[in-house]
Amino acid sequence: MSEIVTTIDIQGKLPKVASGKVRDLFAVDDGTLLFVASDRISAYDVIMENGIPGKGALLTAMSIYWFNYLPQHVPGLKTHYISNTLPGPISSLTSFKDRSMQVRRLRIIPIESIVRGYITGSGWSEYKKSGTVNGIKLPAGLIEGQKLPQPLWTPSTKAELGDKDENISPEKAREIIADAKIAARVEQLSLAIYEAAAKRAESVGIVLADTKFEFGLDEKDEVVLVDEVLTPDSSRFWPKDTWEQNLGKAQPSFDKQFLRDWLTSNGLKGKDGVKVPEEIVQQTAEKYREAYEKIAGKSA
Ligand code: ATP
Ligand code: MG
């Protein structure tokens, strides 16, 4: 078993560009970034004390799987993915090997490009209040977890660190993006990628309820898929075989359900500094592996 990495220590060898809940980003050179995924896990917005063995590597492998798969299924799609090799200055840091990817550094389009195929989460909350999702009017009588008549582009703002992203209407997103052609391309690519990925997931027994993409612009102002893609951190994956019986209530999360159930039943939901017992760690690790193996169709 490889070591569990909860702190990314690059020993000062590359400048850090950003640090999220789970991943750190470093500059390799002007045009290249290194994405490193740790084994940290969060639930109910809190990071646990201990990590999940193999999680960073599995999430990286999943993103890379999609970066290879998607351009073959979505005509004209470009991605920021360059390689899964380590840049020279850190080539000896073996704990980075499977959890890292090099990508093209691009100008980020400042919205979160969310697509929903099913109604749940913040979309469900809005619908219950107003019959809309991101201001888009939907038919009456939908129930929680139901498949939408068609996938919807439901963007959100990209908040500064510490602030919460806010759902916005497609019109508002077009305004933020400013360039009508670029905005139309972002919407069209988001829906096309969702459709291709949902089809793939469905064929292996996983419902892709919704997901979040980010896009950047290259030197020719072409829209390019960036960030991590279609991992359990950016998407809702539901087991297809229990979807129908759970309509009308919260669907079990494919990856984090053991952890969430354990936190809730022990009164630890939302508490800081929680150490997760070994048994839950192992069950969760197994779920991440299963998600990867199902989707990629190969063992990790
Ligand atoms: P979290 O995802 O944990 O809520 P976060 O989104 O702030 O937090 P990360 O997802 O780790 O943290 O940060 C990734 C950052 O890198 C995002 O701001 C994203 O827009 C940016 N990014 C992703 N791909 C590229 C790229 N190819 N070029 C430049 N910036 C990128
Ligand atoms: Mg992020």
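About the cut-offs
- Residues numbered from 1 in each chain as written.
- Chains lettered and ligands numbered in written order.
- Predicted model: local features only at pLDDT ≥ 70, side-chain atom pairs only at ≥ 80, totals over all residues.
- Heavy atoms only, no water.
- Domains from an automatic or database assignment.
- Contact = heavy atoms within 4.5 Å.
- Buried area = accessible area lost by both parts, 1.4 Å probe.
- Salt bridge = Lys/Arg side-chain N within 4 Å of Asp/Glu carboxyl O.
- 1 Å grid on protein atoms, 1.4 Å probe; cavity = no way out; pocket = protein on both sides within 12 Å on 5 of 7 lines; lining within 4 Å.
- Points joined across faces, edges and corners; volume = space filled by probe spheres on them.
- Helix = DSSP H or I, 4+ residues; strand = E, 2+ residues; numbered from the N terminus.
- Nonpolar A, V, L, I, M, F, W, Y, C, P; charged D, E, K, R; others polar.
- Core = buried A, V, L, I, M, F, W, Y, C linked by side-chain atoms within 4.5 Å.
- Buried < 20%, exposed > 50% of the residue type's maximum accessible area, 1.4 Å probe, protein only.
- Pairing = 2+ DSSP bridges.
- Axes fitted to C-alpha atoms, helices over the stretch in contact; angles between N-to-C directions.

We note that the domain assignment places domain 1 (16-105 + 256-296) and domain 2 (107-246) within the protein chain. One C-alpha centre belongs to domain 1, the other to domain 2, and the line joining them spans 20 Å. At the interface, 28 residues of domain 1 touch 25 residues of domain 2. Around 2200 Å² of area is buried between domain 1 and domain 2 when both sides are counted, 63% of it from carbon and sulfur atoms. On inspection of domain 1 and its partner domain 2, the count reaches three salt bridges.

The next point concerns empty space enclosed by the protein. In total, this model carries one cavity of 30 Å³ or more according to the counting rule given. Roughly 90 Å³ of volume is contained in the largest cavity. Lining of the largest cavity is provided by Arg23, Phe35, Val36, Ala37, Leu59, Thr60, Ser63, Arg99, Met101, Glu228 and Thr231. The set of elements that each furnish at least two residues to the lining of the largest cavity consists of strand 3 (32-37) and helix 1 (55-73). Classifying every residue of the lining of the largest cavity by side-chain character gives five nonpolar, three polar and three charged.

For the rest of this paragraph, the subject is the nonpolar core. Membership of the largest hydrophobic core comes to 68 residues, with the highest contact counts inside it found for Trp66 and Ile193. A total of 10 residues in this core trace back to one element, the largest contributor, which is helix 4 (residues 180-203). Structurally, this core is a two-domain feature, drawing no fewer than three residues from each of domain 1 (16-105 + 256-296) and domain 2 (107-246). In this structure, Val5, Ile10, Leu86 and Ile90 belong to the second largest nonpolar core, which totals 11 residues.

The next thing to look at is the sheet that holds strand 3. The five strands lie next to each other as 1-2-3-8-7, forming an open sheet whose pairing is antiparallel. The open sheet terminates on both sides in strands that have one partner only, identified here as strand 1 (16-19) and strand 7 (81-83). Strand-to-strand, the axes of this sheet are offset by a mean angle of 30°, without reference to chain direction. The pairing of strand 3 with strand 8 (residues 100-104) spans five bridges and is antiparallel. Residue pairing across strands places Thr32 opposite Arg104, the latter belonging to strand 8. Seen against the sheet, helix 1 touches strand 3, strand 7 and strand 8 and runs at an angle of roughly 40° to strand 8.

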